[in-house]
Amino acid sequence: MIKNPYFRERIAFTLLFIATAIVVLPVICILFFIVKEGWHAISWEFLSQMPRKGMREGGIFPAIVGTLYLVFGTLVFALPLGILSAIYLSEYAKDNFLTRMVKLAIINLAGVPSVVYGLFGLGIFVVFLKFGSSLLAGSMTLAIMVLPIIITTTREALDSVPQSFRQVSYSLGVSKWDTIRHVVLPHALPGILTGMILAVSRAAGETAPILFTVAAFYLPRLPKSIFDQAMALPYHLYVISTQVPNIKLEVRYGTALVLLMIVLSLNLIAIIVRAHFRKKRKW
Amino acid sequence: MQKSFSQKRLQEWIIERCIYMSGIASIIFVCLIFLFLAKEGFSLFKNISIFDFLLGQKWYPISTPPFFGILSLIVGSLYVTLGATVIAVPIGIASAVYISEVAPPRVREILKSGIEVLAAIPSVVLGFIGMMTLVPWVKNTFHLSTGLTAFSGALMLGFMAMPTIVSIAEDALNAVPKRYKEAALALGATRWQSIWRVILPAASSGIVAAVMLGIGRVIGETMAVMMITGNAARIPDNIFQPVRTLTATVAAEMGETVRGSDHYYSLFAIGIVLFIITFCINLIADFAVHRKAK
């Protein structure tokens, strides 16, 4: 039995450090590995051409475009709803049972498995509302999935605006909504932007919710309307790594690299925006 | 031209109605999700009893006669989840303690961004990497006929649950008032003693929430698990055999079902099971957090 408390502390801290290394080192390895293996596949042709010969040749252009459309559609639905919902919670909601339920509902929405969102989207948008498997159905499904992210980040941003700003505005006779619009929202904008970017990166990377609501297995053309099916990068990666035999490894790693680059660069932008405005903040 | 006062009042009234509506939208969505899962899922129980569904061991949805017993899938999910929890909880909490209490500020920022990157990697990419690296490694190390096992899934999911556990546990540790630690140090405790005896107990309910949400993440994970656990729908003898989870079953089979068939309804019924499980987990986590608030 080791009695010396300082020696024990050394042992404990070393173990803690090893645990942290076990979490963080594989992340670096994974990034390095994908970049190393996927680097050769990336070319202008790979990014800008239609897939050919059952996806074994050609590029991933329709998958990239499909993902961009999906992300844009998701924002169109989720952003207004999420921001208004956060305004409600932060500015209007009283501390009562209803508010408690709203908060619980948001926590639950964040915890619902992504494949259950897929089932829900299939049930309500594809079948019940008869949108069919389409960009519209996929975007709305993803929008409900990212809603908790937008609400939580926006709410934090609104809550961080000092109460005195509002009081000054009220004391000048400005109404509640005008105060929110002209005083609170401008100061909360960076936080809202961060939430938006994180939502985009989540929507771009998810596969399970789009499996039955929008994703096309192989569709070498671009979607023409919001009622069209579309290819999407994460689903494409799933398909070419499990469903289609004899694909060059390079193509798989290349697709993984493109998806990873899109998602990580979005996250990086979010981090930079956050850091930049934290520094500039004067209160 | 200046808008008249009443016009402005009307505009403001409309906007505020919109805000109230959006505010309760989350509740509506949760209800809608349950409603639509139930609408399709409960159709199954016209033909099959709920006990046969939950406790039946055979999952042969397209044979004649079909069997819709999800016990093997529940056990599959349980194996993977337990394995992942055993791996992720101690390591995750230890990293959270290191990041929030031990690491110097600069190192802390680097480690935190490492964890944020991990949280951002899409699960399909992690599944793909798992297929390429982890699966062959498991196969060779343990001399198995296939590396697509519950063990590989548990390793990968344990890894994927880290960001959730670490970030929430870290928040809980940071929320412990500084004076607790200072009091312990002033009494002559070492830093480790103050962490072990004072800070960890004080943050315990937040850490429980972190663990619960991590488990919720693992149960709900779909793509990575489908790609690396082998998807064999039978009850495994040990953790080194292929299993199939609830989530992977839904994702893999929905594309091949006929709308309105029992198979189609049964996948929605699995959705209900998943929804109820994650709902309970989130409730427990929420209670843990609110106990701390008092």
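Residues numbered from 1 in each chain as written. Chains lettered and ligands numbered in written order. Predicted model: local features only at pLDDT ≥ 70, side-chain atom pairs only at ≥ 80, totals over all residues.

Novice: Would you mind going over the overall build of chain B with me for this structure?
Specialist: Of the regular secondary structure elements, chain B holds twelve helices and two strands. N-terminal to C-terminal, the α/β element order of chain B is α-α-β-β-α-α-α-α-α-α-α-α-α-α. Expressed along its principal axes, the backbone C-alpha trace of chain B runs to roughly 75 × 70 × 35 Å. The proportion of buried residues among the 294 residues of chain B is 50%. The contacts in chain B between residues at least 6 apart in sequence include a share of 72% that link residues at least 24 apart. (Helix = DSSP H or I, 4+ residues; strand = E, 2+ residues; numbered from the N terminus. Buried ≥ 20, exposed ≤ 12 C-beta atoms within 10 Å, placed from the backbone. Contact = placed C-beta atoms within 7 Å.)

Novice: I would appreciate a short explanation of the overall build of chain A in the present structure.
Specialist: A count of helices and strands for chain A gives eleven helices and two strands. When the elements of chain A are put in sequence order from the N terminus, they spell out α-α-β-β-α-α-α-α-α-α-α-α-α. Its C-alpha atoms put chain A at 70 × 65 × 35 Å along the principal axes. Residue burial in chain A is summarised as follows: out of 283 residues, 51% are buried.

Novice: Just to check I follow, could you spell out the interface of chain B and chain A for this structure?
Specialist: Quite often, the size of an interface is put as the accessible area lost when its parts meet. With 69 residues of chain B in contact, the opposing surface of chain A contributes 69 residues. The leading source of residues in the side of chain B that touches chain A is helix H1 (residues 5-41) of chain B, at 20 residues. For the side of chain B that touches chain A, the per-class residue count stands at 46 nonpolar, 15 polar and eight charged. (Nonpolar A, V, L, I, M, F, W, Y, C, P; charged D, E, K, R; others polar.)

Novice: When you look at unusual backbone geometry in this model, what are you seeing that I'm missing?
Specialist: A negative phi angle characterises most non-glycine residues, just as the trans form characterises most peptide bonds. At Lys130 of chain A, a position not held by glycine, the phi torsion is positive, near 60°. Along the polypeptide, Lys130 of chain A turns up in the loop between helix H5 (114-128) and helix H6 (135-159). We note that His143 of chain B has phi near 50°; this positive angle belongs to a residue other than glycine. Counting through the fold element by element, His143 of chain B comes out in the loop between helix H5 (123-141) and helix H6 (150-174).

Novice: Could you clarify how one ought to interpret the packing of helix H4 (residues 97-111) of chain A against H6 of chain A in this entry?
Specialist: Helix packing for two helices is described by the angle between their axes and how far apart those axes are. Residue and element names in this part refer to chain A. The interhelical angle for the contact between H4 and H6, taken along N-to-C directions, is 130°, at an axis separation of 8 Å. Judged on the interaxial angle alone, H6 and H4 are oblique. Here H4 runs over H6; the crossing is left-handed. Contacts between H4 and H6 involve Ile106, Leu109 and Ala110 from the former and Leu147, Pro148 and Ile151 from the latter. Its residues assigned to classes, the contact of H4 with H6 shows six nonpolar, no polar and no charged. (Axes fitted to C-alpha atoms, helices over the stretch in contact; angles between N-to-C directions. Parallel < 35°, antiparallel > 145°, perpendicular 65-115°, else oblique. Left-handed = near helix turned anticlockwise from the far one by under 90°.)

Novice: It is not clear to me how the domain arrangement of chain B should be interpreted in this structure. Could you clarify?
Specialist: All names here are of chain B. For chain B, the assigned domains read domain 1 (5-45) and domain 2 (55-293). Spacing between the C-alpha centres of domain 1 and domain 2 amounts to 31 Å. Residue classes in the side of domain 1 that touches domain 2 are distributed as five nonpolar, two polar and one charged. (Domains from an automatic or database assignment.)

Novice: Please clarify how the packing of helix H1 (residues 5-38) of chain A against helix H11 (residues 249-280) of chain A should be interpreted in this entry.
Specialist: All names here are of chain A. Put simply, H1 and H11 touch, their axes get as near as 8 Å, and they point 125° apart. With respect to each other, H1 and H11 are oriented oblique. The element H1 and its partner H11 pack so that their crossing is left-handed. Between H1 and H11, the residues in contact are Ile34, Val35, Glu37 and Gly38 and Tyr253, Gly254, Ala256, Leu257 and Leu260, respectively.

Novice: Help me understand the environment of Leu246 of chain B in this model?
Specialist: All names here are of chain B. Mapped onto the elements of the fold, Leu246 is located in helix H11 (residues 246-253). Each C-alpha atom, one on Leu246 and one on Gly76, is 7.6 Å from the other, the two residues being 170 residues apart in sequence. Ignoring any residue separated from it by four or fewer positions in sequence, one finds Leu246 in contact with Leu73, Ile74, Ser77, Ile270, Val273 and Leu274.

Novice: What am I meant to see in the confidence of the model for chain B here?
Specialist: When pLDDT is low, close inspection of the predicted coordinates is not appropriate. The predicted model of chain B has a mean per-residue pLDDT of 89, with 98% of residues at 70 or higher. Scored as a whole, the predicted complex attains pTM 0.90, and scored at its interfaces, ipTM 0.89. (pLDDT = per-residue confidence, 0-100.)

Novice: Whenever I open this one, helix H3 (residues 61-92) of chain A confuses me. Can you help?
Specialist: Note that an α-helix has 3.6 residues per turn; residues three or four places apart therefore point the same way. Residues and elements named next belong to chain A. Between its first and last C-alpha, H3 extends 45 Å over 32 residues, near the 46 Å set by a 1.5 Å rise per residue. Of all bends in H3, the biggest is about 35°, found at Ala78, and the proline Pro80 comes one to four residues later. With 24 of 32 residues buried, H3 lies mostly within the body of the structure. (Expected span 1.5 Å × (residues − 1). Bend = angle between axes of the 7 residues up to and from the residue.)

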